[in-house]
Amino acid sequence: MKVVLEHVTKTFPNRNKKIKDDVIAVSDFTYEIPDGKLIGLLGPSGCGKSTTLNLISGLLKPTSGRIFFGDDDVTDISPEHRGIGLVFQNYALYPHMTVAENIMFPLGNLRGKEKMSRADMRAKAEEIARLVQIDPYLDRKPAELSGGQQQRVAIARALVKMPRVLLLDEPLSNLDARLRLQTREEIRRIQRETGITTIFVTHDQEEAMSISDAIVVMRDGVVQQIGAPQEVYNDPCNLFVAKFLGTPPINVFAGTVRAGKLYFGDDCVLDVPGVSDRDVTVGIRPEGFEVDAAGPMHCALSAIEVMGRDVSIVASHESCQSASIRAIVDADDVKGLSTAVRFRLKAHKVDLFDPATEARIPVGE
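Here, residues in each chain are numbered from 1, in the same order as that chain's written sequence. With pLDDT at 70 or above as the cut-off, local features in this predicted model cover only qualifying residues; side-chain atom pairs require 80 or more to be listed or tallied, and sums for whole chains, interfaces and linings still use all residues. Derived side-chain values reflect all non-hydrogen atoms in the structure, with water molecules and hydrogen atoms excluded from consideration.

**Brief notes about the pairing of strand β17 (residues 310-316)**
- Judged by how many residues are buried, β17 sits mostly within the fold: 5 of 7 residues are covered.
- Here, strands pair whenever DSSP counts at least two bridges between them. Helix and strand assignments come from DSSP, with helices taken as H or I runs of at least 4 residues and strands as E runs of at least 2, each series counted from the N terminus. In the sheet, strand β16 (residues 297-307) pairs with β17 via 7 bridges, with the strands oriented antiparallel. Across the sheet, the residue bridging to methionine 307 is aspartate 310, located in β17.
- Pairing geometry for β17 and strand β18 (residues 325-330), over 6 bridges, is antiparallel. Within the sheet, the bridge partner assigned to valine 314 lies in β18 and is arginine 326. Only protein chains enter the accessibility calculation, which uses a 1.4 Å probe; a residue whose area is less than 20% of its type maximum is buried, one above 50% is exposed, and one in between is partly exposed.

**Re the environment of alanine 92**
- Take alanine 92: it is sitting in the loop between β6 (84-87) and α2 (99-104).
- In this structure alanine 92 comes out as partly exposed when scored by relative accessible area, which is 45%.
- On a C-alpha basis, the gap between alanine 92 and proline 362 in space is 48 Å, while along the polypeptide they are 270 residues apart.

**Details of the packing of aromatic side chains**
- Pairing of aromatic side chains here covers Phe, Tyr and the six-membered ring of Trp, requires ring centres within 6.5 Å, and sorts the geometry by plane angle: under 30 degrees stacked, over 60 edge-to-face, intermediate tilted. Across all of its chains, the model carries 4 aromatic pairs by this definition.
- Relative to phenylalanine 105, the ring of tyrosine 94 lies with its centre 4.8 Å away and its plane at 50 degrees, an arrangement referred to as tilted. Here tyrosine 94 is found in the loop between β6 and α2, whereas its partner phenylalanine 105 is found in the loop between α2 and α3 (118-131), with 11 residues between them in sequence.
- When its relative accessible area of 31% is taken as the criterion, tyrosine 94 is described as partly exposed.
- Geometrically, a lysine NZ or arginine CZ counts as sitting over a ring once it is within 6 Å of the ring centre and also within 35 degrees of the ring normal. A cation over an aromatic ring shows up here: lysine 10 above the ring of phenylalanine 12, its NZ or CZ 5.2 Å from the ring centre.
- Residue placement shows arginine 285 over the ring face of tyrosine 233; its charged tip is 4.0 Å from the ring centre.

**What about empty space enclosed by the protein?**
- Only protein atoms enter the 1 Å grid used here. Points where a 1.4 Å probe fits but cannot escape make up a cavity, open sets with protein on both sides within 12 Å along at least five of seven lines make up a pocket, and a residue lines them when an atom lies within 4 Å of a point. Grid points are joined across faces, edges and corners, and a volume is the space filled by probe spheres set on the points. Going through the model one piece at a time under the given rule, you end up with 1 cavity of 30 Å³ or more.
- One number sums up the size of the largest cavity: a volume of about 50 Å³.
- Together, Ile155, Leu159, Leu166, Leu168, Ile187, Ile190, Gln191, Thr194 and Thr198 line the largest cavity.
- Contributing elements (two or more residues each) for the lining of the largest cavity: α4 (147-159), β7 (165-169) and α5 (177-194).
- When residues of the lining of the largest cavity are assigned to their parent elements, the largest contribution, 4 residues, is made by α5.
- A class-by-class count of the residues in the lining of the largest cavity yields 6 nonpolar, 3 polar and no charged. Polar here means any residue other than Ala, Val, Leu, Ile, Met, Phe, Trp, Tyr, Cys and Pro, which are nonpolar, and Asp, Glu, Lys and Arg, which are charged; Gly is therefore polar.

**A few points about α4**
- Expected span of a helix: the number of residues minus one, times 1.5 Å. In this model α4 runs 19 Å from its N-terminal to its C-terminal C-alpha over 13 residues, within 8% of the 18 Å that 1.5 Å per residue would give.
- With 11 of its 13 residues buried, α4 lies for the most part within the structure.
- Those residues of α4 that sit buried are Gly148, Gln150, Gln151, Arg152, Val153, Ala154, Ile155, Ala156, Arg157, Ala158 and Leu159.

Interpretation in functional terms is not warranted from these geometric data alone.
In structure tokens:
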């Protein structure tokens, strides 16, 4: 089931009565979510991603714009008639019910031709429980389960009616790091097996990039960029997107372009053909550095952090806009380093941005 948002905007009255303008939570959101794909809505707290999910679910009504499920306009349809499955950060399981009863609960509300017998409901709950791999625990109460198992029960309950669209709002936030990793892999597996169009809201960029077919990066209610995770990472449209994606984060420098060459201070560090003479903000991914004794970029070495196959070099440079530079290099490249390190830059890992607008500046055009 494809989901289409056409110029969707949502505003709320400003709580500060001295300010007459409404708060714009989502601004002119237009996007077609393809059938059967998993889409990540990504951004910092307050960016509008959960509001967007609530608009799709029907819990909120847009101030303007339309929402379609396939060819059906669902803008004015209530949540219970949209055919959605909704999973929140809070598991919201009924503590007095068993796992099976929690999963079966939505089926008990079916009426008319869709009404099911108790035996059929139990069979359907067992089928979904096997899908999410909690079938051994059907007769347990939620309190007897781990956090990850409880979240699987919540997902099973959302899936049991085979919704047209599955909506997940920060579903992993209450889990520890190991369970987050396991559960996000399970969400991806379940989504692929069911083929249900899924929208996943998170502030964790690693989470979104690891399981999404496409990500939507938002800021202050405005969509910044949409694309496949690796495409957005490699080709950010602006400095905000570049800084938001990536662990460790991108290194940001103040630079100058003169005669097609990029300078940090007096050091010429890279050729940037097609860029006019100007001041620029420069983003360099941690993997964009290569240790080279004859490299053009000279930095003071602060520390070397061993991470197994790779190492993280922590250094400093007067043009860097943060206290330190973090470069990820091969462990063999750090031998002999003491107080200083020289880098050669990988051109495809270096992005230039306008200091005023933060828009990306194309290179080589």
